[in-house]
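Secondary and tertiary structure notes
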Amino acid sequence: MRIKNAMIDLVPLLVAPALATFRKQERLGRRAMDQLTPDELFAVIDQESNSVAILVRHMHGNMLSRWTDFLTTDGEKSTRDRDREFIAPVERTREHLIDLWTEGWACVHAALTTLQSEDVLLSVRIRGESMSVPTAIIRQVDHYAQHVGQIVVLAKHWRGSSWKTLSVPRGKSEEFNREFRAKT
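**Things to note about the packing of aromatic side chains**
- Taken as a whole and judged by the stated rule, the model has 6 aromatic pairs.
- Geometrically, the ring pair formed by tryptophan 101 and tryptophan 105 is edge-to-face, given 5.7 Å between the ring centres and 70° between the ring planes. Of the two residues, tryptophan 101 and tryptophan 105 both sit in helix 5 (residues 94–113), 4 residues apart, roughly one turn of that helix. Each of the two residues, tryptophan 101 as well as tryptophan 105, counts as buried.
- The structure contains a cluster of three or more aromatic residues connected by ring pairs, namely Phe22, Trp67, Phe70, Trp101, Trp105 and Tyr144.

**Quick look at helix 5**
- Between its first and last C-alpha, helix 5 extends 28 Å over 20 residues, near the 28 Å set by a 1.5 Å rise per residue.
- For helix 5, the complete set of buried residues consists of Leu97, Ile98, Leu100, Trp101, Gly104, Trp105, Cys107, Val108, His109, Ala111 and Leu112.

**Topic: the side chain of arginine 66**
- Here arginine 66 shows up in helix 3 (residues 52–67).
- Given the relative accessible area of 5%, arginine 66 is considered buried.
- A polar contact is formed between the side chain of arginine 66 and the side chain of glutamate 76, at a distance of 2.6 Å.
- If we skip the residues at most four places from it in the chain, arginine 66 touches Gly75, Glu76, Arg80, Ile126, Arg127, Arg139, Gln140 and Tyr144.

Definitions and cut-offs
- Residues numbered from 1 in each chain as written.
- Predicted model: local features only at pLDDT ≥ 70, side-chain atom pairs only at ≥ 80, totals over all residues.
- Heavy atoms only, no water.
- Phe/Tyr/Trp six-rings, centres within 6.5 Å; stacked < 30°, edge-to-face > 60°.
- Helix = DSSP H or I, 4+ residues; strand = E, 2+ residues; numbered from the N terminus.
- Buried < 20%, exposed > 50% of the residue type's maximum accessible area, 1.4 Å probe, protein only.
- Expected span 1.5 Å × (residues − 1).
- Polar contact = N/O pair within 3.5 Å; in protein donor to acceptor, adjacent residues only side chain to side chain.
- Contact = heavy atoms within 4.5 Å.

This is how it looks when you write it as structure tokens:
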């Protein structure tokens with residue numbers, strides 16, 4: 001059934017699921033990082049690869065740039081030094097990385113939780129390119145999922161046999177599904 005001439009609240013349809021996905025990505029990345037030693041957070045596989053620390057710095061820079069004044073300024077802020085995000089950090093502590101991670105995600109959450117339904121109908125700019133708010137949100141969901149995936153792969157690599165899975169363990173799908181069905 002179609003509703004004519006009614007304002008549909010777009011926040012629960014788009015923003016709430018995106019926010020839930022971002023929160024899931026934040027937890028997944030954090031759970032992967034929590035398994036790493038301080039040295040592993042800063043280790044690189046080779047000279048062309050990024051460390052977990054560099055990925056966190058890049059995501060932090062991107063998040064602050066994209067989500068600060070999301071509706072009113074270009075998502076690529078003139079104050080951002082993107083190239084510097086890919087240089088090994090001087091501050092080499094777990095605490096500093098977690099602070100960056102937390103601050104970046106807080107900026108994302110703050111921007112999304114303040115959106116009103118009419119805001120979803122607006123356009124924003126990223127690097128001078130105009131796009132709808134839903135397109136900009138989906139773009140960032142994709143971007144952050146890619147980097148969280150990289151963090152998880154690096155953490156699995158560095159932890160090796162001591163890695164604690166973040167999802168259903170190998171060989172345990174049938175058991176998991178049986179337990180899941182029993183609960184429903």
